[in-house]
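Listed below are the residues making up each chain.
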Number of protein chains: 6
Amino acid sequence: MNRKIVTLGELTLRLSPFDFERFVQTDKFEVIFGGAEANVAIALANLGDDVRYLTKLVENEMGQAALNNISRFGIDTDYIVRGGERLGIYYAEKGVGLRSPKVIYDRKNSSMAKAKIEEFDWDGVFKDVGLYFTTGITAAISKEGRDLVQYSIKEAKKRGLVVVFDLNYRASLWSLDEACEFYDKVLPMVDILIGVLPTRHECFKGDFNHECLSQMLKEIHDKYHIKYTISSIRNSFSASINSLSAGMYNGREYLKSQTYKFDIVDRIGGGDAFAAGLIHAYVNGYDIHDALDFAIALSALKHSIIGDYALFTEKQVGRLVSGDKHMLSFS
Amino acid sequence: MNRKIVTLGELTLRLSPFDFERFVQTDKFEVIFGGAEANVAIALANLGDDVRYLTKLVENEMGQAALNNISRFGIDTDYIVRGGERLGIYYAEKGVGLRSPKVIYDRKNSSMAKAKIEEFDWDGVFKDVGLYFTTGITAAISKEGRDLVQYSIKEAKKRGLVVVFDLNYRASLWSLDEACEFYDKVLPMVDILIGVLPTRHECFKGDFNHECLSQMLKEIHDKYHIKYTISSIRNSFSASINSLSAGMYNGREYLKSQTYKFDIVDRIGGGDAFAAGLIHAYVNGYDIHDALDFAIALSALKHSIIGDYALFTEKQVGRLVSGDKHMLSFS
Amino acid sequence: MNRKIVTLGELTLRLSPFDFERFVQTDKFEVIFGGAEANVAIALANLGDDVRYLTKLVENEMGQAALNNISRFGIDTDYIVRGGERLGIYYAEKGVGLRSPKVIYDRKNSSMAKAKIEEFDWDGVFKDVGLYFTTGITAAISKEGRDLVQYSIKEAKKRGLVVVFDLNYRASLWSLDEACEFYDKVLPMVDILIGVLPTRHECFKGDFNHECLSQMLKEIHDKYHIKYTISSIRNSFSASINSLSAGMYNGREYLKSQTYKFDIVDRIGGGDAFAAGLIHAYVNGYDIHDALDFAIALSALKHSIIGDYALFTEKQVGRLVSGDKHMLSFS
Amino acid sequence: MNRKIVTLGELTLRLSPFDFERFVQTDKFEVIFGGAEANVAIALANLGDDVRYLTKLVENEMGQAALNNISRFGIDTDYIVRGGERLGIYYAEKGVGLRSPKVIYDRKNSSMAKAKIEEFDWDGVFKDVGLYFTTGITAAISKEGRDLVQYSIKEAKKRGLVVVFDLNYRASLWSLDEACEFYDKVLPMVDILIGVLPTRHECFKGDFNHECLSQMLKEIHDKYHIKYTISSIRNSFSASINSLSAGMYNGREYLKSQTYKFDIVDRIGGGDAFAAGLIHAYVNGYDIHDALDFAIALSALKHSIIGDYALFTEKQVGRLVSGDKHMLSFS
Amino acid sequence: MNRKIVTLGELTLRLSPFDFERFVQTDKFEVIFGGAEANVAIALANLGDDVRYLTKLVENEMGQAALNNISRFGIDTDYIVRGGERLGIYYAEKGVGLRSPKVIYDRKNSSMAKAKIEEFDWDGVFKDVGLYFTTGITAAISKEGRDLVQYSIKEAKKRGLVVVFDLNYRASLWSLDEACEFYDKVLPMVDILIGVLPTRHECFKGDFNHECLSQMLKEIHDKYHIKYTISSIRNSFSASINSLSAGMYNGREYLKSQTYKFDIVDRIGGGDAFAAGLIHAYVNGYDIHDALDFAIALSALKHSIIGDYALFTEKQVGRLVSGDKHMLSFS
Amino acid sequence: MNRKIVTLGELTLRLSPFDFERFVQTDKFEVIFGGAEANVAIALANLGDDVRYLTKLVENEMGQAALNNISRFGIDTDYIVRGGERLGIYYAEKGVGLRSPKVIYDRKNSSMAKAKIEEFDWDGVFKDVGLYFTTGITAAISKEGRDLVQYSIKEAKKRGLVVVFDLNYRASLWSLDEACEFYDKVLPMVDILIGVLPTRHECFKGDFNHECLSQMLKEIHDKYHIKYTISSIRNSFSASINSLSAGMYNGREYLKSQTYKFDIVDRIGGGDAFAAGLIHAYVNGYDIHDALDFAIALSALKHSIIGDYALFTEKQVGRLVSGDKHMLSFS
């Protein structure tokens, strides 16, 4: 299999107050260029994988800054298209203690939300590529986004790529009906599915547990005939302390990862790190148990990073998986 | 009842090292304009209440900066008097882990500490107002402060306002004898009293508990014939983790609030947020149990904010009271 | 005449790299809430005038932050409407030395750009008001903006207010034809016009001069029968050093102000300070020469301030007009 | 002659907005510990001289921070007294372009302003010392300050030290009458006087010139029989560009220094650097012309430093005196 | 006994990303001058002890900055030698949550690593001194360092000083064989030994415990005939939460300190604070139990400080030892 | 001709105090990865050229950060070698006003200074490349550097590339004799030479002028038979204001560029921007006059940027060349 990975999605400007300031008190914003699929690409590049990222970026200095940020990690940006009206934005306030984190979207009419299928060079995009990743956020931002995701998955399948899809459902971006209609079209083409259907989010109400998750993953597997259905489970002790574990259904059995409990510096991108960990493990031939452990460890580690990115090498993640005691190391 | 609230007190300049720096290592200070009664006014304004704030501020750019800061939250500043010698100051070092927070006062001879009763337009101040709030700190800073608090409470009573008083005892500002002499004059006029008499602070020695608090609140109630005597209880696991609950005696029974345990970003203003929560609940007709829960939730949330202010809407506090799981929300 | 002033316009979020960083290198933005008419309102409030500001702001925390920022200066915000989709944004990179400043607009579909005439309480807005100010930017952002400006000026005239209008032409927001069509409708209702028609911008090509300006002002005066036509003239030695003077035609003669040459900290809001200076002088009964000198001095001083606002008292401006030697003063 | 130098004065906390922010817009202050005589001591220590600094500092963490700051430059702090009520403060806003710098004092009742003569160990203070320096600011802050300056100068004279005094007149701290009464007592004991009498400040009205200065210096010399009367002359093109030169009358002739024109980063401490340059030159046996040039060069260089201190070695100053071309140097 | 203490070691420049940033994402470094023996000297100076620090520093502005930093705490720097090639550097990334802290050394060829025995004035260094402290890091950085440590300990012993040595083994700086060869020469001269031999680090593998530690301390005691062998024990719950206790063998019995569990702001210098606490207790005649408790409390408190230094007075440490409840205090 | 450009040199970590702080007062450093040849590569990438950069970088997180920084601009980093001991460092203090900028090198034993010829894949490096650029700094840092420069130029020539060399003489890195011996070997292979021989730097003593420069360029041309000999001329009015122009000798005539006078934000990298401008003009077929003007304009613009890089597009430079008036532009 070709080991090159392509991810497609929107690259947005995340504006966050520094430290623990609230929107109503801050006078400066951190500038972070993020987005689920870009975060996955960046995490993979830091793990040492060969990644191409696909998006459309506005043709001005802010678009250039966004592009530079992707290039910085050695990601292939050759097929990124420039043009359109604006850079999508979201404002993100970190949570701490009893105060929950908060995101305000301002992504409408962004260059990527208005991008057309025919603007991309699909043959080039998928050349020598083995795995394709995108998420439900890109589908949720616009009609054009939905078309793009559906089309690109079809093209990837056609070329024999492994398709990984993260549901990433956002109730503020589209309705449940729109989402489900879309899922029915797309999920049958997916090989590895991350997340659970929003229709069954009632499990989220109480503290999530593996019993509930295993049922949900089995249901999705059965409904769409997906090879691996996988999800992480988060328990939130406070906005500053969470725990994470993961479960996977492979058509025969339900597998569980280790559980990590951890302090949170910045929660955004935690799920993307999980997806990146799974893809890295898949592309590099990990066995299933190791893959789950690696992915959940990377996701847990992400929470120690300011900004969206899981800035870890494979070796650093491996150290946590093998039971690192968090001692100071010298080199 | 008129729902407009007046608070009176000193607005001081708080100078704090950033993050967790100590006084002896910092080379910059955060500029925060605070003071118990101003903090209460600001918290109320953020909750959506109609507030007027009364103080005296020096007539220079620093006084102007302080004034702008109050106006910013939509608080009525029309009756604030300008003049006098200086802006009162306090230096505040945050605590963290095993290191306790520390405050150094430099408030003597401030414009408010030297303000005279006749400088304020009392008829204007109390026009269309339903509730008046001030605290023992304003009484403690000077003889003039004591006169002002006593006079203003008498005037408020005369006009039929509900009087809320927070004891806020500071041993570094006045002696116990001075304080008690003052309490004997003022507390009989108070409708809602927050805090416990410093004469009975021995309960604070061990870990505070509701048994001890209920006795103290009953004693004060009986001694001064106050309608509601209320106090929060803080347990300090470290300078970074505390828990809070509250108790109230209403002449018949002792009521307890929920208990919250939380990470601390900045501890100053936690008590003021509790007072603001109570006042908000009172003015908006909450029942007694809900009032206590709301107040203690707001106080707990305050600890997640850098600076003195409880920057929360009623809805945000309500979410915690109803059992928020601290998940990331999108809008 | 009533001395209360109303200004109407959009309040946008300005995102600027700190110091002299470029868009492509910054990792943080200054958060400044600006807009021509808000800047004028803030400058007037700092000069001691009684101002009301009118706009529509999105109903989320970012809209609240914008609103707080206006309240902070003691401006009346009672008639501001909340709602709509988003806060308009612009990115602004400061210039320095040989490098020109740069602005990128992202204001489409903002709450104010989509505001409807009937959303505002016009009787309330203009109650006890003597002067109304708005600018061509608000007209340029959308069809709805154009309607709002035209309607509000008509309403102001109907109530006998003095109408001041700043052309503020932005070629990136609308075409010359659209602008001129709009001018023909609105300028006949204007009492004091600031700026020159973009149709005659050829004078800007070379170094601007009073001869050229006096003709332009006379032409506009004659065409639209405006009482005072006024404009500043800027000469740019570099992005760090400019000079400013102003000219006015009052139907009989052309008057010139003093000229100031100055270092630039932040150029944005310089023109708004000029407008505010004129309005302040008008409302406070300055004679014509003093008005021009005051306005150009305030505009020059603005360039020493980080952010959009002319944060000066009348006394501070007066000191420059009377020939301040920039010595250190102690108080 | 012993080359050890003693300076006596108040060490105050200077609170300055960063960069070019105004008081009314800043949310943080630079923490700088300054004061004329401390600045002179620090400049001398950086030039390589052996200095002792004398003051009284409050006994808390802020006093400790001030003390550490003095020790940092290798200055002898053994005779500094701890105690009293508070650290004196001043707020300082930098000027830029057409906007003048501004200082607001809050120094009343500081530990040093209330220090008593008998609190210091005068024999220890002056042991093995050759030169004593203090200024009119210390005399101006309080009655106690006046006594201290007068007494210390008498003690220094008694022990045969060279006495250098900088007039440093501040109209906001005392009246002209008080100052002159004090000068009559103290100036007859002074060997080297820096500055001109405030009674003759009319020369400052226009642009200062050497003709005027030479007369003033001769008058002071004749009136008080002072060996060297010296002053710098500042011309202010703007708050960002000044020029400096200096003149000296030695009883026979009037000598002029070089003139420097320069950009200003921070103007405070410029005069103190001049005094330090003169003292350094005197103690190290420079000839008179070189002394004046060295002092004015150090003063000019100080304006390139953020904060009060002239952080330059003798070699660095020498390079400017000999005509440095400001090229980048590598080492 | 003379109470003056000398410490000898390298003063390096520590470059740390701010807050919790990683090396690969930061664009600024905190400048901290640290090193085990300098940290001990600084901690002692803050506790009120009389300390001299000995090192060699490069003769340029960076060396000067390092020197000023030591002087700042009132430490005697008279015997520090200037010269050599460069300032040693280390990059330090803080850990947080599940992410471990990381140090990268760049200390080769530093001025101190190349310093020669004969460059120091040993008679001056040890004049009126009662206790000498150095560590294994200085021995590990170079052959010259090893010679310096061995020679200086011999000289200290010769003069009757108490010799305290902290093993501070760093596997990245030298091999176990080199270290052990060196220990055999030096440890027989040591009176108080801190730390355990790297040959027996297997105890570190699991969670450290007092049983294991007591054996190790007894073995070292017996092998080298050292009066007190002492070590702290750290358990690491995460990079953000650790606990510490200490054990000592005095030839007769094994003694244990209190245990503290705490949040970590900056872990570096925790061990140096422990050594400083022991030395302070020894020099000031604490009894053995109090000494252990004081040292472990200071070490625990250090973790609340940004940077390497234990910035605490004796009184502040005493408060924790006696069971401080971390309440806000006012003065 | 192939338009791909290769530059080779060391990538060092530049540590600069922020703003105008001096080394002895700063507590934080800007992290900038620079070096003459990297700066040229980055400038070219921003101008839109296709660039490959060659160096050797240490195999740790700091080396990774340096590598990411190069990738960020879309530069080809495929042939960069990882390994060696350390990242070279230099400390750089900006100048301002009368205070000169200062650089302290700590580059010895860096990975690149110790790199061997055989570690690079020269066939890969020069594949499809048209122009090769390196400078005298890389030759000056070590014997290995000298070998690398000589070998790489020979290889480039052998493959028919245009060779551009910037003399960049640093007296602190090597002696004049070493330099000249090296020049004699290398310059005969050079097609375009930038800078003047240090043997003839006497022209630099006074203010540089075109008469002197034209002679120097002709001499070098004649001595080494170089096609184009080119240099910029800098006049330094102060550390904050310089002017630049350039001259070129092409074997027939001496050509002069425009002259720019400008404010300086950061002077480092000004010469590298000039080289990049020349290379861009050459590769893109500018005529000779336009090339000189373009290069000097880019160099002048660089001085407005914080950090080493000329972050300008071709269009932005073109605007200055055609006489930009530094007005605010909107898009």
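Structural data are supplied above this passage.
Residues numbered from 1 in each chain as written. Chains lettered and ligands numbered in written order. Predicted model: local features only at pLDDT ≥ 70, side-chain atom pairs only at ≥ 80, totals over all residues. Heavy atoms only, no water.

Draft legend 1. Representation of the relation of the copies chain C and chain A in the model. Overlaying chain C with chain A gives an RMSD of 0.0 Å, the required rotation being 180° about an axis along which the chain moves by 0.0 Å. Viewed as a symmetry operation, the transformation between the two copies matches a two-fold axis. For chain C, the smallest separation between a C-alpha atom and the rotation axis is recorded for Phe29 of chain C, amounting to 2.6 Å. Looking at the interface residues of chain C, 100% of them are also at the interface in chain A, so both copies use one shared face. (Least-squares fit on C-alpha atoms with pLDDT ≥ 70 in both. Contact = heavy atoms within 4.5 Å.)

Draft legend 2. Region of interest: the sheet that holds strand β7 (residues 89-93) of chain F. Across the sheet, which stays open at both edges, the ten strands sit in the order β16(A)-β8(E)-β7(E)-β2(E)-β3(E)-β3(F)-β2(F)-β7(F)-β8(F)-β16(D) with mixed pairing between neighbours. Pairing within the sheet leaves two strands with one partner each, and these edge strands are β16 (329-330) of chain A together with β16 (329-330) of chain D. Taken together, the three bridges between strand β2 (residues 12-17) of chain F and β7 of chain F define a ladder with parallel strand orientation. Bridge pairing in β7 of chain F links Arg14 of chain F to Tyr90 of chain F. (Pairing = 2+ DSSP bridges. Helix = DSSP H or I, 4+ residues; strand = E, 2+ residues; numbered from the N terminus.)

Draft legend 3. Summary view of helix α7 (residues 210-224) of chain D. All names here are of chain D. Here α7 is 15 residues long and its end C-alpha atoms lie 21 Å apart, about the 21 Å a rise of 1.5 Å per residue gives. Within α7, the full set of buried residues consists of His210, Cys212, Leu213, Ser214, Met216, Leu217, Ile220, His221 and Tyr224. The opening residue of α7, the one whose side-chain oxygen lies 3.2 Å from the backbone nitrogen of Glu211, is Asn209. Just past α7, the residue His225 takes up positive phi, approximately 55°. (Expected span 1.5 Å × (residues − 1). Buried < 20%, exposed > 50% of the residue type's maximum accessible area, 1.4 Å probe, protein only. Polar contact = N/O pair within 3.5 Å; in protein donor to acceptor, adjacent residues only side chain to side chain.)

Draft legend 4. Seen up close, the pairing of strand β8 (residues 102-106) of chain D. In terms of burial, β8 of chain D is a largely internal element, five of the five residues being buried. Side-chain alternation along β8 of chain D places Lys102, Ile104 and Asp106 of chain D on one buried face and Val103 and Tyr105 of chain D on a second face that is also buried. Across two bridges, strand β16 (residues 329-330) of chain C lies against β8 of chain D in parallel orientation. Along β8 of chain D, the bridge assignment pairs Ser329 of chain C with Lys102 of chain D. As judged from the five bridges shared by strand β7 (residues 89-93) of chain D and β8 of chain D, these two strands associate in the antiparallel manner.

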